[in-house]
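Listed below, chain by chain, are the residues.
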Amino acid sequence: MENSIEYKELFERALEAARSAYAPYSKFRVGAALLLNDGEIITGVNVENRSFGLTNCAERSAVYTAVSAGKLGFKAIAIATPDSEYPVSPCGACRQVLSEFMKADAPILFGPVFEKAIYSSLSELYPFDALHELAKS
Ligand SMILES: O=c1ccn([C@H]2C[C@H](O)[C@@H](CO)O2)c(=O)[nH]1
Ligand SMILES: [Zn+2]
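Residues numbered from 1 in each chain as written. Chains lettered and ligands numbered in written order. Predicted model: local features only at pLDDT ≥ 70, side-chain atom pairs only at ≥ 80, totals over all residues. Heavy atoms only, no water.

Per an unreviewed UniProt entry, the protein chain goes by the name Cytidine deaminase and belongs to Teretinema zuelzerae. For the protein chain, the Sequence similarities (unreviewed entry) comment in UniProt is given as "Belongs to the cytidine and deoxycytidylate deaminase family." Per its UniProt entry, the protein chain bears the Function (unreviewed entry) comment "This enzyme scavenges exogenous and endogenous cytidine and 2'-deoxycytidine for UMP synthesis." (UniProt positions renumbered as here; feature names shortened; annotations may be inferred.)

J.: Looking at this model, I keep getting lost on the overall build of the protein chain. Mind explaining?
T.: Across its full length, the protein chain holds four helices and five strands. Helices and strands appear in the protein chain in the N-to-C order α-β-β-α-β-α-β-β-α. Its C-alpha radius of gyration of 14 Å places the protein chain within 12% of the 14 Å reference for a compact globule of 137 residues. The C-alpha extent of the protein chain, read off along each of the three principal axes, is 40 × 35 × 30 Å. (Helix = DSSP H or I, 4+ residues; strand = E, 2+ residues; numbered from the N terminus. Rg over C-alpha atoms; globule rule 2.2 N^0.38 Å.)

J.: I'm lost on the coordination of the zinc ion (ligand 2) in this one. Help?
T.: Around a metal, the perfect tetrahedron of four donors has angles of 109.5 degrees, and the perfect octahedron of six donors has angles of 90 or 180 degrees. The coordination sphere of the zinc ion (ligand 2), as far as protein atoms go, consists of Cys 57 (SG), Cys 91 (SG) and Cys 94 (SG), spread over 2.3 to 2.4 Å. Here the donor residues for the zinc ion (ligand 2) map to a single chain with the spacing C-x33-C-x2-C. Note that Cys 57 is positioned in the loop between strand 2 (41-45) and helix 2 (58-68) and Cys 91 in the loop between strand 3 (74-80) and helix 3 (92-101), a separation of 34 residues in sequence. With a relative accessible area of 31%, Cys 91 lands in the partly exposed category. (Donors = N, O, S within 2.8 Å, 3.2 Å for Na, K, Ca; no water. Buried < 20%, exposed > 50% of the residue type's maximum accessible area, 1.4 Å probe, protein only.)

J.: How do you make sense of the site of ligand 1 when you look at a structure like this?
T.: Neighbouring ligand 1 are the residues Ser 26, Phe 28, Val 30, Asn 46, Glu 48, Thr 55, Cys 57, Ala 58, Glu 59, Ser 89 and Pro 90. In the environment of ligand 1, an oxygen atom lies 2.5 Å from a nitrogen or oxygen atom belonging to the side chain of Glu 48. Backbone polar atom of Ala 58 to an oxygen atom of ligand 1: 2.9 Å apart, as the coordinates give it. The fraction of the free accessible surface of ligand 1 (370 Å²) that becomes covered by protein chains is 80%. Looking at the shell around ligand 1 residue by residue, the classes come out as five nonpolar, four polar and two charged. (Near = heavy atom within 4 Å. Polar contact = N/O pair within 3.5 Å; in protein donor to acceptor, adjacent residues only side chain to side chain. Areas by Shrake-Rupley, 256 points an atom, 1.4 Å probe, with all protein chains shown as cover. Nonpolar A, V, L, I, M, F, W, Y, C, P; charged D, E, K, R; others polar.)

J.: Got a minute to help me understand unusual backbone geometry in this structure?
T.: Working note: non-glycine residues mostly have negative phi, and peptide bonds are mostly trans. Even without being glycine, Lys 27 reaches a positive phi, approximately 55°. Looking at the element boundaries, Lys 27 is found in the loop between helix 1 (5-18) and strand 1 (31-36).

J.: What is the right way to read the packing of aromatic side chains from this model?
T.: Any two aromatic rings considered together are summarised by their centre-to-centre distance and by the angle between their planes. Under the definition given, this model contains four aromatic pairs. Residues Phe 74 and Phe 101 carry aromatic rings whose centres are separated by 5.8 Å and whose planes lie at 55° to one another, so their mutual orientation is tilted. One end of the pair, Phe 74, is in strand 3; the other, Phe 101, is in helix 3, and 27 residues separate them in sequence. As far as the burial class goes, Phe 74 and Phe 101 line up, both buried. (Phe/Tyr/Trp six-rings, centres within 6.5 Å; stacked < 30°, edge-to-face > 60°.)

See below:
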């Protein structure tokens, strides 16, 4: 499963999305690709602001785009950080938001390129959240 074509495609979509990142301050582009239960992929990018604290991460942009389109049921998420040498994992805020919508065993992969990506899961990145089952179809 870890090298499946499905995950390579998901990661490549995240990488492609990262080109649209709005990151003039950090110059650190991030793209995220959410895999829906029906196979559709929805992407998001980090959107920065000159008031730095208002920055929205790529992961949350993807989730909010999907939910705004009436789509729930997220199977996996890939996060591409092409400007980093090493994998960068989702921040705490994004882990909390992902936990609202994804099952504990949902795969989360992240890396600068697919070949260096780390395969993790929501339960590994955000443990002790198993009791909240609303919206996790
Ligand atoms: O997992 C991550 C890590 C960082 N960022 C963004 C926030 C900010 O715009 C830039 C630098 O931290 O990268 C994300 O979107 N997702
Ligand atoms: Zn984040």
